[in-house]
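A structural walkthrough
Given next are the chains, with one letter for each unit.
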Amino acid sequence: MKKIALLFVLISYCAFSQGINSYEYVIVPLKFTGFKEKGKYGLNVSTKLLLQKYGFKAFLATDSIPDEIANANCKKLYADLVKDNTMLLTRLKIVIKDCRDKILFETAFGESSEKQLPTAYNQALREAGKSFDKLHYKYNGNFDVAIVKVPGEVPGDIAPEPPAPTKKGDKTEMISGGPDSVNSSSEVFFFAQPIANGYQVVDNEPKVIMKLLNTSQKNVFIGIKGDINGTVILKNGKWFFEYYKNGSLVSEPLNLKF
């Protein structure tokens, strides 16, 4: 009897996995369920990067997306974060739905006991993301759901907004400079996520590579990278991490998006 039950679970899981493998694109909304603010704690960017890590073509709601699916809402999946906090724990799970609001995949709850909420939520997100290891997602190209074009809003209040990037050939050219921009898609860029008194800078894993502490000056931060302390400053539309090494001033370009 136990073998039959186990077989049923495995068959169900395979069918479940096959459904999500038919989709290539995932849209990450501006505001998640249970959060009052858009972009809270940088979780939108972190979710996008996490989904990309596991093979999805993930986009923020404000990103420029391929023309062939821009208005084909039912050819895209939609990500959401659901929280279930306790007095001692921050708990978060990732939910992936189709255009009809049907859940195709949801992770286990990730947990964190960290007191600082920005750090706690990002830790919980990373823990929840480990459920994707068992999903073994791989796009199979067998999309057979009717493409439905719906004007205006789509699930999760993520109606497309005018994109900041401009297209050049087959690649998206990202404009450098300023808190709301990133560099060329051929370059490595980093994201600043809000924390107490400043930001933490993450790469595309996402892994924290440095911290930025607020100063009294706009676009000037105290930068801490390992055992190196310096200044992160915006000059001529570009970010630089400046510090002294062996008595000489070093100025490193930093492809940074806030």
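Residues numbered from 1 in each chain as written. Predicted model: local features only at pLDDT ≥ 70, side-chain atom pairs only at ≥ 80, totals over all residues. Heavy atoms only, no water.

Examining unusual backbone geometry
- Phi at histidine 136 takes a positive value of approximately 55 degrees, unusual for a residue other than glycine.
- Phi at asparagine 236 takes a positive value of approximately 55 degrees, unusual for a residue other than glycine.
- By the secondary structure assignment, asparagine 236 is in the loop between strand 13 (228–235) and strand 14 (238–245). (Helix = DSSP H or I, 4+ residues; strand = E, 2+ residues; numbered from the N terminus.)

Some remarks on the side chain of asparagine 122
- Along the chain, the position of asparagine 122 falls in helix 3 (residues 117–129).
- According to the relative accessible area criterion, asparagine 122 is buried, its value standing at 4%.
- A distance of 2.8 Å separates a polar atom in the side chain of asparagine 122 from the backbone oxygen of proline 118.
- With residues up to four places along the chain from it excluded, the contact list for asparagine 122 reads Tyr41, Leu43, Ser46, Gln193 and Gln200. (Buried < 20%, exposed > 50% of the residue type's maximum accessible area, 1.4 Å probe, protein only. Polar contact = N/O pair within 3.5 Å; in protein donor to acceptor, adjacent residues only side chain to side chain. Contact = heavy atoms within 4.5 Å.)

Here's the deal with helix 2 (residues 43–53)
- Within helix 2, nine of the eleven residues are buried, leaving the element largely enclosed by the surrounding structure.
- The set of residues buried in helix 2 consists of Leu43, Asn44, Val45, Ser46, Thr47, Lys48, Leu49, Leu50 and Leu51.
- Positive backbone phi, at 100 degrees, marks glycine 55, one or two positions downstream of helix 2.

Remarks on the confidence of the model for the protein
- When pLDDT is averaged along the protein, the result is 76, and 75% of the positions lie at 70 or above.
- pLDDT under 50 marks residues 1–18. Its contacts with residues more than four places away, or in other chains, come to nine contacts.
- Residue range residues 145–186 is modelled with pLDDT below 50. Its contacts to residues more than four positions away, or to other chains, number 80 contacts. (pLDDT = per-residue confidence, 0-100.)

Side note on the state of the cysteines
- All chains considered together, the criterion is met by one disulfide.
- For cysteine 74, the disulfide goes to cysteine 99, at an S-S distance of 1.8 Å. The sign of the S-S torsion, about 90 degrees, decides the handedness of the disulfide formed by cysteine 74 and cysteine 99: right-handed. Taken as a pair, cysteine 74 in the loop between strand 2 (57–60) and strand 3 (76–83) and cysteine 99 in the loop between strand 4 (90–97) and strand 5 (103–106) lie far apart in primary sequence, 25 residues in all.
- Since its relative accessible area comes to 16%, cysteine 99 is described here as buried. (Disulfide = S-S within 2.5 Å.)

Topic: the environment of leucine 43
- By secondary structure assignment, the location of leucine 43 is in helix 2.
- Judged by its relative accessible area of 0%, leucine 43 is buried.
- In this structure the C-alpha to C-alpha distance between leucine 43 and lysine 31, which are twelve residues apart in sequence, comes to 9.4 Å.
- Beyond its immediate stretch of four places on either side in the chain, leucine 43 contacts Phe32, Phe35, Leu81, Leu92, Tyr121, Asn122 and Leu125.

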